[in-house]
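# Summary of structural features
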Amino acid sequence: SRESWSLREGDLAKVRKRLERKALIIERVKGSEILFGIAPCAMALSQSRRDLFRLFLKQSSGSQRLVLSEGVPVHHVQRRELDALCSGRVHQGVCLEASPLHFKRLEEAEKPDVGDEEGPNRQLIWLVLEQIQDPMNLGAVLRSAYFLGVDRVVTTQRNSCPLTPTVSKASSGAMEVLDVYGTDDLQSFLKAKTAEGWEVVGTVSKPEEVENVPVISCSEFRWTKPVIIVIGSEGDGLSLETQLLCHRMLTVPPGRALHPGIESLNVSVASGILLHSICSQKRRHGD
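I will try to describe carefully the structure that is included in this document. (Residues numbered from 1 in each chain as written. Predicted model: local features only at pLDDT ≥ 70, side-chain atom pairs only at ≥ 80, totals over all residues. Heavy atoms only, no water.)

### Quick word on the overall build of the chain
As a reminder of what qualifies: What counts as a helix is a DSSP run of H or I of at least four residues, what counts as a strand is a run of E of at least two, and both are numbered from the N terminus. For every residue, the accessible area obtained with a 1.4 Å probe (protein chains only) is divided by the maximum for its type, and the residue is called buried under 20%, exposed over 50%, and partly exposed between those limits. We get accessible surface area from the Shrake-Rupley algorithm with a probe of 1.4 Å; when it comes to residues, only the shown protein chains can shield them.
Regarding its fold elements, the chain presents nine helices and 12 strands. Evaluated residue by residue, the chain yields a buried proportion of 45% over its 287 residues. Working note: accessible area of the chain is about 16000 Å², and carbon and sulfur atoms make up 50% of it.

### Some words on the pattern of salt bridges
Keep this limit in mind: What makes a salt bridge here is a side-chain nitrogen of Lys or Arg within 4 Å of a carboxyl oxygen of Asp or Glu, nothing more.
Evaluation of the coordinates by the stated rule reveals eight salt bridges. Residue D83 is joined to R79 by a salt bridge in which the shortest nitrogen-to-oxygen separation is 3.9 Å. Taken together, the residues span about one helical turn, with D83 and R79 both in helix 3 (residues 79–85) at a distance of four residues. Salt-bridge contacts for R248 lead to E199; the nearest nitrogen and oxygen are separated by 2.9 Å. Residue R248 is found in strand 12 (residues 248–251), and its partner E199 is found in strand 9 (residues 199–203); the two are separated by 49 residues along the sequence. Here the salt bridges do not stand alone but share partners, grouping E33, R50 and E176 into one network.

### Description of the pairing of strand 4 (residues 94–98)
Here is the rule: Strands pair, by our definition, only if DSSP identifies at least two bridges between them.
When you tally the buried positions in strand 4, you get five out of five residues, the bulk of the element. Side chains V94, L96 and A98 project from strand 4 onto one buried face, and the interleaved C95 and E97 project onto a second face that is buried too. Strand direction decides the pairing type here: strand 2 (residues 52–58) and strand 4, joined by five bridges, are antiparallel. For L55, the partnering residue across the bridge sits in strand 4 and is L96.

### Side note on a nonpolar patch on the surface
For the record, the criterion: Residues forming no salt bridge and having over 30% relative accessible area are the ones grouped into patches, like charges within 9 Å of each other and nonpolar side chains (Val, Leu, Ile, Met, Phe, Trp, Tyr) within 5 Å.
Taken together, the side chains of L265, V269 and I273 make up a nonpolar region of the molecular surface, amounting to roughly 230 Å² of accessible area. Within the secondary structure, V269 sits in helix 9 (residues 267–285). The exposure class assigned to V269 is partly exposed, which follows from its relative accessible area of 40%.

### Comments concerning the nonpolar core
Let me state the cut-off plainly: Side-chain atoms within 4.5 Å are what join buried Ala, Val, Leu, Ile, Met, Phe, Trp, Tyr and Cys residues into a set we call a nonpolar core. Contact definition: two residues touch when any of their heavy atoms are within 4.5 Å.
In this structure, L127, L142 and V153 are the most contacted members of the largest nonpolar core, which totals 33 residues. In this structure, V153 is in contact with L127, L129, L142, A145, L178, D179, V180 and Y181, ignoring residues within four places of it in sequence. By size, the runner-up hydrophobic cluster in this structure holds 19 residues, among which are L124, V210, C246 and M249.

### A few points about the packing of aromatic side chains
Note the cut-off: Each aromatic pair joins two rings of Phe, Tyr and Trp (for Trp, the six-membered one) with centres within 6.5 Å, and gets the label stacked for planes under 30 degrees apart, edge-to-face for over 60, and tilted for any other angle. Here, over-ring charges are defined by two tests on the NZ atom of lysine or the CZ atom of arginine: distance to the ring centre within 6 Å, and angle to the ring normal within 35 degrees.
Evaluation of the coordinates by the stated rule reveals two aromatic pairs. Between W126 and W198, the ring centres sit 4.7 Å apart and the planes meet at 50°, which makes this aromatic pair tilted. Within this pair, whereas W126 is found in strand 6 (residues 125–129), its partner W198 is found in the loop between helix 7 (186–195) and strand 9, the two being separated by 72 residues in sequence. With relative accessibility at 4%, the residue W126 sits in the buried group. Of the residues examined, W198 reaches a relative accessible area of 1% and is grouped as buried. Through a chain of ring-to-ring contacts, the aromatic side chains of W126, F189 and W198 assemble into a single cluster. The ring of Y181 is capped by R152, whose NZ or CZ atom sits 5.0 Å from the centre of that ring.

### Description of the sheet that holds strand 2
Within a sheet, neighbouring strands are paired by backbone hydrogen bonds and run either parallel or antiparallel to one another. Our working rule: Here, axes are lines fitted to C-alpha atoms. For helices the fit covers the stretch in contact, and angles between N-to-C directions go from 0 to 180 degrees.
Across the sheet, which stays open at both edges, the four strands sit in the order 1-4-2-3 with mixed pairing between neighbours. Unpaired on one side and paired on the other, strand 1 (33–36) and strand 3 (74–77) mark the two borders of the sheet. Across the sheet, the mean angle separating the axes of adjacent strands is 25° when strand polarity is ignored. Helix 2 (residues 38–46) rests against strand 1, strand 2 and strand 4 of the sheet, and its axis sits at about 40° to strand 4.

### Considerations on helix 2
When helix 2 is considered as a whole, its buried residues turn out to be I38, P40, C41, A42, A44 and L45. On its buried side, helix 2 packs onto strand 1, strand 2, strand 4 and helix 6 (165–170).

### Some details on the side chain of S268
Keep this limit in mind: For the purposes of these results, a polar contact is taken to be a pair of N or O atoms within 3.5 Å, where, inside protein, one atom must be able to donate a hydrogen and its partner to accept one; residues adjacent in sequence count only when each atom of the pair is a side-chain atom.
Tracing the sequence through the fold places S268 in helix 9. Here the side chain of S268 touches N266 through a polar contact of 2.5 Å, side chain to side chain. When near neighbours in sequence (up to four residues on either side) are disregarded, S268 contacts N137, A140 and V141.

Below, the structure is given as C-alpha cells:
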C-alpha cells in the first residue's frame, strides 16, 4: 500500500542518514594530528615547521583570514565533521591535519656566547619549565613568553605536557612560532648555565617554604646579567634539587591577607606577572 511504501521510504531515509554520519569519519595520515582554531592553523600554515596534509574549513564560513599554503588540499566540510575531527573542541570553523611538533634538543640550539651577547644594551632571558603538566597552562605560558620577549623556552621532558594541539590553541598559535627545547637533565643544564655566567632565578608562592635560598619580591629584582627564570609544576612547585641550584627565588606578593586554600596564583598567571616584571626592565634599558 501507499502508506507502507512511505514508511519504507522513511526507513530508507533514516538508514541513509546513518550511513552519512558514518561517512563523517575521515581517514587520517598515520602519525598526524589535528590542529584546531584560526590562530594555531594560520600560524602553522605560515611557518615551515610541520608537514601539512589537509586543511578543513566549515562550508560558508568566514575563514578568509587564513593565508593558504601552496600544495595543502582544502576540504569544505560540515560543522559536525569539524566537531568530530577535533573531538568537539572550539575549532572556529577551521581544522588542519599536520605532523606533530616535538621539543627540540638543546644540542640543536645555537649557543650564544655570553661574552659577546652581554653588554649594556644586551640582555638575555630564558624561561625554564619544570614538569608543567596541564596543556592549558603550558599554552598560556608560551603565549606570555612569546609576547613579552623571552629568548628561549626549555622544559623538562619527563612528566611534562607534550606540544599538543590543545597547547597550540591555548597559546593562540604562539607554539607554532616559538621553539621549545627539552632536557632530560635539568640540574646539569642549570649548573652549566651558572658556570657560563648566567643567573638562575626560581619562583615560589610561599616564601616560608624555601630554605637556604634568598627570596625577594619580583618587583625588587634587578636584571644585571643573562637570566634563567625557572617555573615549577602546578601542584608541587620547584623540586628541592632545582631550588638549591637557584641563586634567588622570586615571589609575587599578594594584595591582601589570603584565606587558606586561596594562597597561590595559577602557574600561567604567575609566569606572566613575573616575566612582565623582569622584561619591562628590558624595555626601559633595551636596544
